[in-house]
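Examination of the molecular architecture
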Amino acid sequence: MTAPQRILVMGSGGREHALAWSLSRDPGVAEVIVAPGNPGMKDVATIRPAAASDDRMAAIAQELEVDLVVVGPEGPLVAGVADHLARRGIPVFGPGRDAARLEGSKAYCRDVAQAAGVPMAVGAAFEDDEEGAIDLSRRLGAPVVIKADGLAGGKGVTVCATLTEAEAAIRACRPRFGLAARRVVVERALSGREASVIAITDGASLLALPAARDHKRLGDDDTGPNTGGMGVYSPLPDLPDGQAAALMERFHRPILGELARRGIRYHGALYAGLMLTDDGPYLLECNVRFGDPETQALLPRLSTPLAPLLLGASNGRLARVAAAAGLAEGRIPGEGATVGVVLAAAGYPLEPRLGDPILGGDSPWAVSALTFWSGVRRSQGALVTNGGRVATIVGRGASLEEAAAAAYRASDAITFPGRQLRRDIGRVGSFAAGAGRP
Ligand code: AMP
Ligand code: GLY
């Protein structure tokens, strides 16, 4: 199955670096372009500045004669960039605006999931109705979860241990998140372990990637504030790779079916954030893209070339591409184990400090570890911090222990003032202690 020759990846983070790295290794792919990218990606992609608008981005993709655009982050998808690209006849991996509402509105996601018969925590959405939201939180009892409906950069969810906290979180939503909190979702808090199950789909066929687990809290043993993700590992001892496809049948397929009933075609990556509880798995949220940092840990585990699969998802030929690649059972198999350690800037997540010089960043990749850059820029020839999450260092090995050792060896070689990292990512014992507890 032929690969797209020229691929444009939209985005600038570690996820996009991992996508560009994986795509650039495909012998059928002649060039990977990343916009806006970051200077850490230069070995695997051509870096282009971002366009001023989504329509302009689509025009640039057309001028560059790319065969596929892969959209990394949710913002442009929710804003409708895939529709702009599709109108110009450019194959795009990532859903259109209608389907991206699954991530753009948590209330919409709940509505679709409910209609699809997918299990979610008891809850409801309230529009301009703080009193109604407070009332439901009282009826559910603590702990309870308060969510701004719209996109809030991963900060819109508050897990509240008491009803006083819940009321404060509800009242703070509008001032904190503005229009993204016109609606507020109140949900019963579930407890268990979280898992990210991502499927690639053209709307009809689905392929599950192995499950991965993100570590959202800043500190070891899941302490401290929530972040965009401080580390990740795969496979999960409690959710072996082979089980991801079964979860995809229970979550992703019915959601796509419900969207289809509403006249909406979904294509791209569909990410289900699951809570594995004693009563079975529940859906916490849908994302309409690959996860960050999950992608950094997942792609190095795949030996199946990604480019033809992403093109197949974009043009409705996923089943054929999967058959040609010898994939059976609706899944993309993973090999070995990976542990991704995020290096974060001083002050992250509240006020990341920018401009700190990074030492060791230009050393060549070790065989057993990969460095995927996110918040970096070049200043007078040297890499400096330019965002909260600076890099994800991914160790590879036959086991999680080996992969973690490789990840920490490589992480310790990259330093900058105030560098923050967790020391317990993927360690057996740390997930047994309950990584992912709410
Ligand atoms: P986000 O990725 O920003 O939407 O945050 C979602 C996170 O909030 C999840 O990863 C969970 O840690 C937490 N969360 C969301 N809904 C619930 C729930 N019903 N019960 C417990 N934790 C939840
Ligand atoms: N790792 C969580 C996310 O990508 O939203």
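Residues numbered from 1 in each chain as written. Chains lettered and ligands numbered in written order. Predicted model: local features only at pLDDT ≥ 70, side-chain atom pairs only at ≥ 80, totals over all residues. Heavy atoms only, no water.

1. Brief notes about the overall build of the protein
Spelled out, the test is: Helical segments are the DSSP runs of H or I of at least four residues, strand segments are the runs of E of at least two, and each set is numbered from the N terminus. Put simply, the radius of gyration uses C-alpha atoms, and a globule should come to 2.2 Å times the residue count raised to 0.38. Burial classes follow relative accessibility: with a 1.4 Å probe on protein chains only, a residue under 20% of its type's maximum area counts as buried, one over 50% as exposed, and anything between as partly exposed. Reported accessibility uses the Shrake-Rupley method at a 1.4 Å probe radius. Residues are deemed covered only where the shown protein chains occlude them. Here Asp and Glu are counted as negative and Lys and Arg as positive; His is not counted, and neither are the chain ends. The atom standing in for a charge is NZ when the residue is Lys, CZ when it is Arg, CG when it is Asp and CD when it is Glu.
In terms of regular secondary structure, the protein is built from 14 helices and 22 strands. Relative to a compact globule of 438 residues, whose C-alpha radius of gyration would be 22 Å, the protein shows 21 Å and is just as compact. Its C-alpha atoms give the protein principal-axis dimensions of roughly 60 × 50 × 40 Å. When each of the 438 residues of the protein is scored for burial, the buried share is 58%. Roughly 16,900 Å² of accessible area belongs to the protein as shown, and the carbon and sulfur atoms make up 50% of that amount. Averaging the locations of the 47 positively and 48 negatively charged side chains of the protein gives two centres separated by 1 Å.

2. Looking at the site of ligand 2
Under the convention used in this document: Near is defined per residue: the residue qualifies when any heavy atom it owns lies within 4 Å of the molecule or strand. Counted as a polar contact is a pair of N or O atoms within 3.5 Å, where, for protein atoms, one must be capable of donating a hydrogen and the other of accepting one, and residues adjacent in sequence contribute only when both atoms are in side chains. Residue type decides the class: Asp, Glu, Lys and Arg count as charged, Ala, Val, Leu, Ile, Met, Phe, Trp, Tyr, Cys and Pro as nonpolar, and the leftover types, Gly among them, as polar.
Lining the immediate surroundings of ligand 2 are Asp214, Tyr271, Asn287, Arg289, Gly291, Asp292, Pro293 and Glu294. One of the side-chain nitrogen or oxygen atoms of Asn287 is found 3.3 Å away from an oxygen atom of ligand 2. The contact in question runs from an oxygen atom of ligand 2 to an N or O atom on the backbone of Asp292, over 3.0 Å. About the coverage of ligand 2: the protein hides 88% of its 200 Å² of free accessible area. Looking at the shell around ligand 2 residue by residue, the class counts come to two nonpolar, two polar and four charged.

3. Quick notes on the pattern of salt bridges
The following threshold applies: When a carboxyl oxygen of Asp or Glu lies within 4 Å of a side-chain nitrogen of Lys or Arg, that pair is called a salt bridge.
Following the criterion strictly, the structure yields 33 salt bridges and no others. Asp128 serves as the salt-bridge partner of Arg174, at 3.2 Å between the closest nitrogen and oxygen. Of this pair, Arg174 sits in helix α8 (residues 163–177) while Asp128 sits in the loop between β6 (123–127) and α7 (130–140), and the two are 46 residues apart along the sequence. The exposure class of Asp128 is exposed, given its relative accessible area of 54%. We note a salt bridge from Arg213 to Asp238, for which the minimum N-O separation is 2.8 Å. Remark: Asp238 occurs in the loop between β15 (231–234) and α9 (244–250) and Arg213 occurs in strand β12 (residues 213–214); sequence separation between them is 25 residues. Taking the relative accessible area as the measure of exposure, Arg213 reaches 1% and is therefore buried. Among the charged side chains, a network of salt bridges with common partners joins Glu130, Glu131, Arg138, Glu167 and Arg171.

4. Describing the sheet that holds strand β8 (residues 157–160)
Our working definition: Criterion used throughout: strands pair if DSSP finds at least two bridges between them. An axis is simply a line fitted to the C-alpha atoms; with a helix, the fit covers only the stretch in contact. Between two such axes, the angle follows the N-to-C directions and lies from 0 to 180 degrees. Contacts: residue pairs with any heavy atoms within 4.5 Å of one another.
Spatially, four strands are ordered β6-β9-β7-β8 in an open sheet, and the strand pairing comes out antiparallel. Of all the strands in the sheet, the pair left with one neighbour each is β6 and β8. Geometrically, the sheet is characterised by an average inter-axis angle of 20° between neighbouring strands, direction not taken into account. Here helix α6 (residues 106–116) sits on the sheet in contact with β6, β7 (144–148), β8 and β9 (183–188), set at roughly 50° to β9.

5. Things to note about the site of ligand 1
Contacts to ligand 1 come from 16 residues, most closely from Lys147, Glu187, Leu190, Glu194 and Glu285. Contact distances for ligand 1 include 2.5 Å between an oxygen atom and a side-chain N or O atom of Glu194. Considering ligand 1 on its own, with 490 Å² of exposed area, one finds that the protein chains cover 91% of that surface. Only β7, β9 and β17 (280–287) provide two or more residues apiece to the shell around ligand 1. Counted by class, the shell around ligand 1 contains eight nonpolar, one polar and seven charged residues.

6. Comments concerning the packing of aromatic side chains
Selection rule: Aromatic pairing here means that ring centres of Phe, Tyr or Trp (its six-membered ring) are within 6.5 Å. Orientation follows from the plane angle: under 30 degrees is stacked, over 60 is edge-to-face, and everything else is tilted. Placement of a positive charge over a ring is assigned whenever Lys NZ or Arg CZ falls within 6 Å of the ring centre and within 35 degrees of the normal to the ring plane.
The full count for this structure, using the stated rule, is two aromatic pairs. Taking the centre distance of 5.6 Å and the plane angle of 20° together, the rings of Phe93 and Phe290 count as stacked. Separated by 197 residues along the polypeptide, Phe93 in strand β5 (residues 92–93) and Phe290 in the loop between β17 and α11 (294–298) bring together distant segments of the chain. The ring centre of Tyr108 lies 4.1 Å from the NZ or CZ of Arg101, which sits over that ring. Stacked on the ring of Tyr271, the Lys or Arg Arg289 has its end atom at 5.9 Å from the ring centre.

7. What about the side chain of Asp149?
Turning to its location among the elements, Asp149 is positioned in the loop between β7 and β8. Only 2.7 Å separates the side chain of Asp149 from the backbone nitrogen of Ala107, close enough to count as a polar contact. In contact with Asp149, not counting residues within four places along its chain, are Gly104, Ser105, Lys106, Ala107, Tyr108, Ala180, Arg183 and Val185.

8. Here we look at the sheet that holds β12
What the five strands build is an open sheet, ordered β12-β15-β18-β22-β19; its pairing is antiparallel. Because the sheet does not close on itself, it has two edges, and the strands there are β12 and β19 (369–373). In this sheet, strand β18 (residues 337–344) lies alongside β15 in antiparallel orientation, the contact comprising four bridges. In the strand pairing of β18, Gly231 is matched with Val341. Its contacts with the sheet place helix α1 (residues 14–24) against β19 and β22 (389–397), and it is angled at close to 125° to β19.

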